[in-house]
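# Coordinates in review
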Amino acid sequence: MLIALMAYDKEGALDVRKANRDAHVAYLKSTDAVVQAGPFLNDAGDMCGSLIILDLPDMAAAEAWMAGDPYGKAGLFQSAKLMAWNKVIG
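From a predicted model like this one, the values you see are computed outputs, not experimental measurements.

### Quick word on the environment of Ile52
The topology assignment puts Ile52 in strand β3 (residues 47-55). Between the C-alpha atom of Ile52 and that of Pro39, which follows or precedes it by 13 residues, the distance is 8.5 Å.

### Points about the sheet that holds strand β4 (residues 77-84)
Read across the sheet, four strands follow the order β2-β3-β1-β4 without closing on themselves; strand pairing throughout is antiparallel. Looking at strand neighbours, the two that pair on one side only are β2 (34-41) and β4, the edges of this open sheet. Here the strands of the sheet are splayed against their neighbours by 15° on average, with no regard to which way each runs. Where strand β1 (residues 2-9) lies against β3, seven bridges are found, and the strand directions are antiparallel. Each bridged residue has a counterpart across the sheet, and for Ala4 the counterpart in β3 is Ile53. Contacting β1, β2, β3 and β4, helix α1 (residues 14-29) crosses the sheet at an angle of about 20° to β3. Strands β1, β2, β3 and β4 of the sheet are contacted by helix α2 (residues 59-67), whose axis makes an angle of about 155° with β4.

### Considering the nonpolar core
Ile3, Leu5, Tyr27, Leu28, Ala33, Ile52, Leu54, Leu56, Ala62, Trp65 and Leu82 together form the largest nonpolar core, which totals eleven residues. The set of elements that each furnish at least two residues to this core consists of β1, α1, β3 and α2. Contacts of Ala62, omitting those with residues within four sequence positions, involve Ile3, Leu54, Leu56 and Leu82. Counting five residues, the second-largest nonpolar core is a separate cluster that includes Ala7, Ala13, Tyr71 and Leu76.

### Points about the environment of Leu76
By the secondary structure assignment, Leu76 is in the loop between α3 (70-73) and β4. Taking the C-alpha atoms as reference points, Leu76 and Lys87, eleven residues apart in sequence, are found 28 Å from one another.

### Observations regarding the side chain of Arg17
The topology assignment puts Arg17 in helix α1. At 3.0 Å, the side chain of Arg17 forms a polar contact with the backbone oxygen of Gly49. A polar side-chain atom of Arg17 sits 3.1 Å from a polar atom in the side chain of Ser50. Sequence-distant contacts of Arg17, that is, excluding residues within four places in its chain, are made with Asp9, Pro39, Met47, Cys48, Gly49, Ser50, Tyr71, Leu76 and Phe77.

### Section: the pattern of salt bridges
Within this structure, the stated rule accounts for one salt bridge. Where Arg17 meets Asp9, a salt bridge forms, and the shortest distance between an N and an O atom there is 2.7 Å. Each member of the pair Arg17 and Asp9 is classed as buried.

Cut-off values and rules
- One numbering rule holds for all chains: residues counted from 1, following each sequence as written.
- pLDDT decides what is reported in this predicted model: residues at 70 or higher carry local features, side-chain atom pairs at 80 or more are listed and counted, and totals for whole chains, interfaces and linings draw on all residues regardless.
- Values shown for side chains rest on all heavy atoms present in the structure; no hydrogens or waters enter the calculation.
- For helices the rule is a DSSP run of H or I covering at least 4 residues; for strands it is a run of E covering at least 2, with both sets numbered from the N terminus onward.
- Two strands make a pair as long as DSSP finds a minimum of two bridges between them.
- Here an axis means a line fitted to C-alpha atoms, over the contact stretch when the element is a helix, while the angle between two N-to-C directions is reported on a 0 to 180 degree scale.
- Contact between two residues is taken to exist if any of their heavy atoms lie within 4.5 Å; hydrogens are not considered.
- Remark: nonpolar core denotes a set of buried residues (Ala, Val, Leu, Ile, Met, Phe, Trp, Tyr, Cys) joined through side-chain atoms within 4.5 Å.
- For every residue, the accessible area obtained with a 1.4 Å probe (protein chains only) is divided by the maximum for its type, and the residue is called buried under 20%, exposed over 50%, and partly exposed between those limits.
- Think of a polar contact as two N or O atoms within 3.5 Å of one another; within protein, one of them needs to be a possible hydrogen donor and the other a possible acceptor, and neighboring residues in sequence only count if both atoms come from side chains.
- A pair is scored as a salt bridge if a Lys or Arg side-chain nitrogen falls within 4 Å of a carboxyl oxygen belonging to Asp or Glu.

In structure tokens, the structure reads:
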């Protein structure tokens, strides 16, 4: 099951993102669940959120995966949402 994780950083939290980026990227690479991942960018070109496409058996597995993300543990996100996703092109 493909699931999109869309997360938006708290205002002014770029330092939190940068401080936890290495751990976050290591977490992404530590599992076969991540199909695609990358940051959202604001108008200034700074990272301000995340889009991660996960391939997991169900939403409960995606919730568990999200709970282990160092960004979430650091309190980076203003909001985060998991949504089933259907790949049509690509």
